[in-house]
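Residue strings, one per chain:
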Amino acid sequence: MSLKNKLSRMKGHMQLDGRKASEQEQKNYEDHSNEKSDAKLPAKFNQWIPLKGKPLFLEEQYTIFREIHYPLDFQLGNTQLSELKEVVRLWEGADTDHPLSTKGIDAEQLIFFDTETTGLGGGTGNTIFLLGYCHLEDDVVKVKQFFLPGPADEAAMYFHFLQDVNDLSNLVTYNGKAFDWPQVKTRHTLVRDKVPLLPKFGHYDLLHAARRLWKDTLPSCRLTIVEKEILGIERVDDTPGSLAPLLYFDFLKEKDPKIIEGVLKHNEYDVLSLIVLYVQLSKRILNCEDVSSTMKEKYEIARWYEKVKEPMKAAEMYEEVVKSNVSCRDEALLALGLLLKKQKQRDEAMDCFEGVAIKENALAITACIELAKLFEHQFKDFDKALYYSERAYEQQKKAARLLREKKTLDDLKARIERLRKKR
DNA sequence: TCGGTTGATTTAACACCGCC
DNA sequence: GGCGGTGTTAAATCAACCGA
């Protein structure tokens, strides 16, 4: 069966999240039907009308442009699009310099961006055939797509896309730092004489944020998995991205827009999902009460705050985890201890280390070594320092198989000998 | 004054992963 | 199936501190 026939059997597909989505889509189609079709256009463009596509020209070239509007009360998975405004407002009031913070940026400035290409490889052999994004404007979310109808029309596609995003300043993507944006830059160099310069965008890549929070709890951090497990979005009859190149090549042969409809819808939902993902990530990072973060998420967010030199925020999050009784509690307690030690809060740090040192695991060894250091160099209690050194040595001896662990063992032996002389 | 210890920072190498 | 960003880890370097 040809791809065209397969697609024709998928009529009525691309339904997102049950009834609400299908009702909304119907409304979108009704909205679109109110648009005036341009009777002067050549007949070949009429077949784009059911897909809400229309040509935009640049000299002899053209791109197919689609624009779909979603109201702010549109529910996608567990999130309403209006929550984007809410989290941008929260970031504005938050006293933190987090990488996902939009402080100083309007919600309207965010471009949730995704491309469809003819393959994965880099270089000039690979073509972007769809530039899609959505953003907030006049209290609706507008999805805009620029489609490449043929290999000779790239300048038109980039021209109209770049003109359109002229006033916007910040990209939000999923793996866009490594994939989408380098591809855009490569292709842009080939048409740069005819199109505007690429803007200097700020860039939020949500893949890396998702990895930080869920790398240990999800089977993978692919967007579809995150959508299903975290965002509550279940796509029905979605056209997988891996099929996009095949479908596009089929379109180039047949010139039938229906062939590519599934890819357009896939891209449309990809960019909408980015809004939902950004909202859910932000709410967890900002520790909003209306989202039920797991302790593991709080622990990972605390580590993230620590990495970006926000020790107070990190400590707050670690403390929440320490109060719980989850498997990462000891990790949080040890991390909190190290954090407090750095801030010279030695008594508080000691309490944390002692809480971990009573356990019998790899964390306890680190905690014992930290206690030995504190008692030797800060509290000058050499008996206790020796006690914790010996305790660490005994536990380390059981585990010492790797070279790295052997070094720890040797270091501990030296520490014990030094302390025995000091006593 | 010197040597030992610790902590902070930088650098490099490496492995992993998700995009179509 | 190529690419680039990121996290992790280890090693190197330097400064500060302290005791002998």
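Named according to an unreviewed UniProt entry, chain A is YprB ribonuclease H-like domain-containing protein originating from Anaerobacillus arseniciselenatis.

Draft legend 1. Region of the structure containing the overall build of chain A. Across its full length, chain A holds 16 helices and 11 strands. Here chain A holds 423 residues, and the buried ones make up 51% of them. Taking the intrachain contacts of chain A between residues at least 6 apart in sequence as the baseline, contacts between residues at least 24 apart amount to 66%. Here chain A displays about 20800 Å² of accessible surface, and carbon together with sulfur accounts for 49% of that area.

Draft legend 2. Summary view of a negative patch on the surface. Together, Glu92, Asp106, Glu108 and Asp138 line one region of the surface with negative charge. Summarising the element assignment, Asp138 is placed in the loop between β7 (128-137) and β8 (140-147).

Draft legend 3. Local environment of the side chain of Thr63. Tracing the backbone shows Thr63 in strand β3 (residues 61-71). Its relative accessible area of 0% is what places Thr63 among the buried residues. Only 2.7 Å separates the side chain of Thr63 from the backbone oxygen of Phe147, close enough to count as a polar contact. Apart from the residues within four sequence positions on either side, Thr63 is in contact with Lys54, Pro55, Leu56, Phe146, Phe147, Pro149, Ala156, Met157 and His160.

Draft legend 4. Representation of helix α14 (residues 362-378) within the structure. The first and last C-alpha atoms of α14 sit 24 Å apart over 17 residues, in line with the 24 Å expected at 1.5 Å per residue. Across the 17 residues of α14, 12 count as buried, placing the element largely inside the fold. Turning to α14, its buried residues are Leu363, Ala364, Ile365, Ala367, Cys368, Ile369, Glu370, Leu371, Ala372, Leu374, Phe375 and Glu376. With a side-chain oxygen positioned 3.1 Å from the backbone nitrogen of Leu363, the residue opening α14 is Asn361. Phi for Lys380, located one or two positions after α14, is positive at around 55°.

Draft legend 5. Quick peek at the pairing of strand β6 (residues 110-117). Most of β6 is tucked away, with eight of its eight residues classed as buried. Residues Leu110, Phe112, Asp114 and Glu116 point to one face of β6 and Ile111, Phe113, Thr115 and Thr117 to the other, with burial holding for every one of them. With three bridges connecting them, β6 and strand β9 (residues 170-173) associate as parallel partners. Residue pairing in the sheet places Ile111 in a bridge with Leu171 of β9. The pairing of β6 with β7 spans six bridges and is antiparallel. Within the sheet, the bridge partner assigned to Asp114 lies in β7 and is Gly132.

Draft legend 6. Representation of unusual backbone geometry. If you check the backbone angles, Asp237 has positive phi at about 55° while not being a glycine. The phi dihedral of Lys309 falls on the positive side, at around 60°, and the residue is not glycine. Its place among the elements puts Lys309 in the loop between α10 (295-307) and α11 (311-323). Taking relative accessible area as the criterion, Lys309 reaches 71% and is therefore assigned exposed.

Draft legend 7. Seen up close, the domain arrangement of chain A. Looking at the assigned domains, one finds that chain A contains domain 1 (3-285) and domain 2 (295-422). Taken together, the contacts link 15 residues of domain 1 with 12 residues of domain 2. Together domain 1 and domain 2 conceal approximately 1300 Å² of surface at their shared face, both sides included; 58% is due to carbon and sulfur atoms. A per-residue breakdown of the area domain 1 buries against domain 2 is headed by Arg212, Leu213 and Ile285, which together make up 41% of the total. Where domain 1 meets domain 2, there are three salt bridges. Where Lys215 meets Glu300, a salt bridge forms, and the shortest distance between an N and an O atom there is 3.8 Å. Elements with a contribution of two residues or more to the side of domain 1 that touches domain 2: α6 (206-214) and α9 (257-285).

Draft legend 8. The arrangement of the pattern of salt bridges in detail. One pass over the structure, following the stated rule, counts 22 salt bridges. With a shortest N-O distance of 3.6 Å, Lys283 and Glu86 are connected by a salt bridge. Taken as a pair, Lys283 in helix α9 and Glu86 in helix α3 (residues 83-93) lie far apart in primary sequence, 197 residues in all. Each member of the salt-bridge network shares a partner with another, and the members are Lys215, Asp216, Lys296, Glu300 and Arg303.

Draft legend 9. Spatial organisation of the sheet that holds β3. A sheet is described by the order of its strands in space; here seven strands give the open sequence β2-β3-β8-β7-β6-β9-β10, paired in mixed fashion. The open sheet has two free edges, formed respectively by β2 (53-58) and β10 (202-205), since each of these has just one partner strand. Between one strand and the next, the sheet's axes are offset by a mean angle of 25°, whatever the strand orientation. Bridging between β2 and β3 involves six bridges; their strand directions are antiparallel. When the sheet's bridge partners are listed, Lys54 is paired in β3 with Phe65. On the sheet, α6 packs against β9 and β10 and is oriented at approximately 35° with respect to β10.

Draft legend 10. Here's a closer look at the confidence of the model for chain A. Across chain A, pLDDT averages 86, with 85% of residues at or above 70. Taken together, the stretch residues 1-37 has pLDDT below 50 and engages in 62 contacts with residues farther than four places along the chain or on a different chain.

Draft legend 11. Quick peek at the packing of aromatic side chains. Within the structure shown, the criterion is met by 24 aromatic pairs. Judged by centre distance (5.4 Å) and plane angle (50°), the rings of Trp48 and Phe147 are tilted. Here Trp48 is found in the loop between α2 (18-33) and β2, whereas its partner Phe147 is found in strand β8, with 99 residues between them in sequence. A relative accessible area of 4% places Trp48 in the buried class.

Here is what the cut-offs are and how they apply
Residues numbered from 1 in each chain as written. Chains lettered and ligands numbered in written order. Predicted model: local features only at pLDDT ≥ 70, side-chain atom pairs only at ≥ 80, totals over all residues. Heavy atoms only, no water. Helix = DSSP H or I, 4+ residues; strand = E, 2+ residues; numbered from the N terminus. Buried < 20%, exposed > 50% of the residue type's maximum accessible area, 1.4 Å probe, protein only. Contact = heavy atoms within 4.5 Å. Areas by Shrake-Rupley, 256 points an atom, 1.4 Å probe, with all protein chains shown as cover. Patch = residues over 30% accessible without salt bridge, like charges linked within 9 Å, V, L, I, M, F, W, Y side chains within 5 Å. Salt bridge = Lys/Arg side-chain N within 4 Å of Asp/Glu carboxyl O. Lys, Arg positive; Asp, Glu negative; His and termini not counted. Charge placed at Lys NZ, Arg CZ, Asp CG, Glu CD. Polar contact = N/O pair within 3.5 Å; in protein donor to acceptor, adjacent residues only side chain to side chain. Expected span 1.5 Å × (residues − 1). Pairing = 2+ DSSP bridges. Domains from an automatic or database assignment. Buried area = accessible area lost by both parts, 1.4 Å probe. Axes fitted to C-alpha atoms, helices over the stretch in contact; angles between N-to-C directions. pLDDT = per-residue confidence, 0-100. Phe/Tyr/Trp six-rings, centres within 6.5 Å; stacked < 30°, edge-to-face > 60°.

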